[in-house]
Amino acid sequence: MDRRVLLVTGGAGFIGSNFIHFLSENRPNYEVVNLDKLTYAGRLENLKDLRMEHYHFVRGDICNRELVEHLFTLFRPQWVVNFAAESHVDRSIEGPEVFVRTNVYGTQVLLDVARSFWEREKMEGARFLQVSTDEVYGALPLEGSERFTEDSPLLPNSPYSASKAGADLLVRSYFVTYGMPVVITRSSNNFGPRQYPEKLIPLMISRALSGKSLPVYGDGQNVRDWLYVEDNCRGILRVLEEGKIGAIYNLGGGNEWRNIDLVRFLCGVIAEETGEKREHYEQLITFVPDRPGHDRRYALSSEKILRELSWKPHWQFEEALRYTVRWYIRHG
């Protein structure tokens, strides 16, 4: 594989840091420039054991156009992978403004700077990959087997998902209007090492290990499709290198779980790994008032990326979940 220079935004966050680790193991000749603001969920600790010869970290905001322009001039990246985003639904309900600023305006700054630089430099093989989410599609009926495809309408139901949908539409508009070489990936719920403990799986693990209550929203019947983060990283790299310009690719895990069933199953895995009884953890489960606009079910069809790029998840769900639990036990 040819030498590539990648600008990876949000590379100190959960998926971004796992993606950089994945690159270090699978594309060690690539050069990575990691631009991250280091908010609460972005931590340099996620990259402390990184072994990559051509790696640069820059602390900064994707909304800072002058900084982004400087990085393009200095490093001349051919590819951009935009992970940078405010991503927690609860926080978006409490304060939507920062989600719109980072997720929409920040994406527009990256698009505009990348387009201008690549056109001016006549750069061949340039690509801009927008990392998105299944939440932009809205909710599916709780019962049934329907799954979102790339042609499903965008019907976001939270400020977070609305901001991500807005960013996706901006990316599409730059392809249609300017012919910019863009691709979009939308994945189902990710889990794995290095995830900040505010999302369901790391929250349950960290609280269970501390003997704290395990809060489950509403009736616990909301359904999510789970994808191990390394499989998402593999899919993102596949799309970046081989995906069709202008295309959208869903990356689903094919692991639909009702929240309450997942939490109970997780209690069993934690019990096996710690030597405690399962009941010790299950008794910590507490139902709490549901959050506003809580989507009932997400599920993605990955038929397109399987057909075009031969991608499918490698990890078995239980194996990946057990590995994740062990990681959190080791890392306190």
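Above: the structure in question.
Keep in mind that what you see is a predicted model, and the values were worked out from it rather than measured.

(A) Quick look at the layout of surface pockets. As a volume, the second largest pocket reaches approximately 310 Å³. Looking at the second largest pocket, it is lined by 15 residues, and the ones nearest its centre are R43, E45, W327, Y328 and H331. Breaking the lining of the second largest pocket down by element, the ones donating at least two residues are α6 (200-209) and α11 (317-330). Looking at the lining of the second largest pocket residue by residue, the class counts come to four nonpolar, six polar and five charged.

(B) Representation of the packing of aromatic side chains within the structure. Using the criterion set out here, one finds 16 aromatic pairs in the structure. When the centroid spacing of 5.1 Å and the interplanar angle of 40° are considered together, the rings of W257 and F265 count as tilted. A residue is classified by how much of its surface remains accessible, and W257, at 22% relative accessible area, is partly exposed. Between W257 and F317, the aromatic rings sit 5.3 Å apart at their centres with planes inclined by 35°, giving tilted as the arrangement. Taken together, the residues span a long stretch of sequence, with W257 in strand β11 (residues 256-258) and F317 in helix α11 at a distance of 60 residues. A residue is classified by how much of its surface remains accessible, and F317, at 7% relative accessible area, is buried. Positioned over the ring face of Y40 is R91, at 3.8 Å from the centre of the ring. The ring of Y298 carries R224 above its face, with NZ or CZ at 4.0 Å from the centroid.

(C) Looking closely at empty space enclosed by the protein. Applying the stated criterion across every chain, the model contains one cavity of 30 Å³ or more. In this structure, the largest cavity encloses a volume near 40 Å³. Residue lining of the largest cavity: F191, W226, L227, Y228, D231, G253, N255, P313, W315, Q316, F317 and A320, and that is the complete set. Residue assignment for the lining of the largest cavity shows that the elements contributing at least two residues are β9 (223-228) and α11. If you tally residues by element for the lining of the largest cavity, the top one is β9, at three residues. Among the residues making up the lining of the largest cavity, the classes are represented as eight nonpolar, three polar and one charged.

(D) Focus on helix α1 (residues 14-26). Here α1 contains 13 residues, and its C-alpha end-to-end distance of 18 Å stays within 8% of the 18 Å for a straight helix at 1.5 Å per residue. Among the 13 residues that make up α1, 10 are buried, leaving the element largely enclosed by the rest of the structure. Along its buried surface, α1 packs onto β1 (5-9), β2 (31-36), β3 (55-59), β4 (79-82), β7 (189-191) and α7 (229-242).

(E) Inspection of the pattern of salt bridges at higher detail. Inspection of every chain in the model, using the stated rule, returns 23 salt bridges. With a closest N to O distance of 2.9 Å, R186 and D168 form a salt bridge. You can see R186 sitting in strand β6 (residues 182-187) and its partner D168 sitting in helix α5 (residues 159-178), a full 18 residues away along the chain. Of the residues examined, R186 reaches a relative accessible area of 3% and is grouped as buried.

(F) Structural context of α6. Those residues of α6 lying buried are I201, P202, M204, I205 and A208. Down the axis of α6, the buried side of the element spans an arc of 160°, and every buried residue falls inside it. Contacts from the buried residues of α6 go to β7, β8 (214-217), β9, α8 (259-274), α9 (278-282) and α11. Immediately beyond the C-terminal end of α6, within one or two residues, lies G211, with a positive phi of roughly 75°.

What counts and how
- Residues numbered from 1 in each chain as written.
- Predicted model: local features only at pLDDT ≥ 70, side-chain atom pairs only at ≥ 80, totals over all residues.
- Heavy atoms only, no water.
- 1 Å grid on protein atoms, 1.4 Å probe; cavity = no way out; pocket = protein on both sides within 12 Å on 5 of 7 lines; lining within 4 Å.
- Points joined across faces, edges and corners; volume = space filled by probe spheres on them.
- Helix = DSSP H or I, 4+ residues; strand = E, 2+ residues; numbered from the N terminus.
- Nonpolar A, V, L, I, M, F, W, Y, C, P; charged D, E, K, R; others polar.
- Phe/Tyr/Trp six-rings, centres within 6.5 Å; stacked < 30°, edge-to-face > 60°.
- Buried < 20%, exposed > 50% of the residue type's maximum accessible area, 1.4 Å probe, protein only.
- Lys NZ or Arg CZ within 6 Å of the ring centre and 35° of its normal.
- Expected span 1.5 Å × (residues − 1).
- Contact = heavy atoms within 4.5 Å.
- Salt bridge = Lys/Arg side-chain N within 4 Å of Asp/Glu carboxyl O.
- Arc of directions from axis to C-beta.

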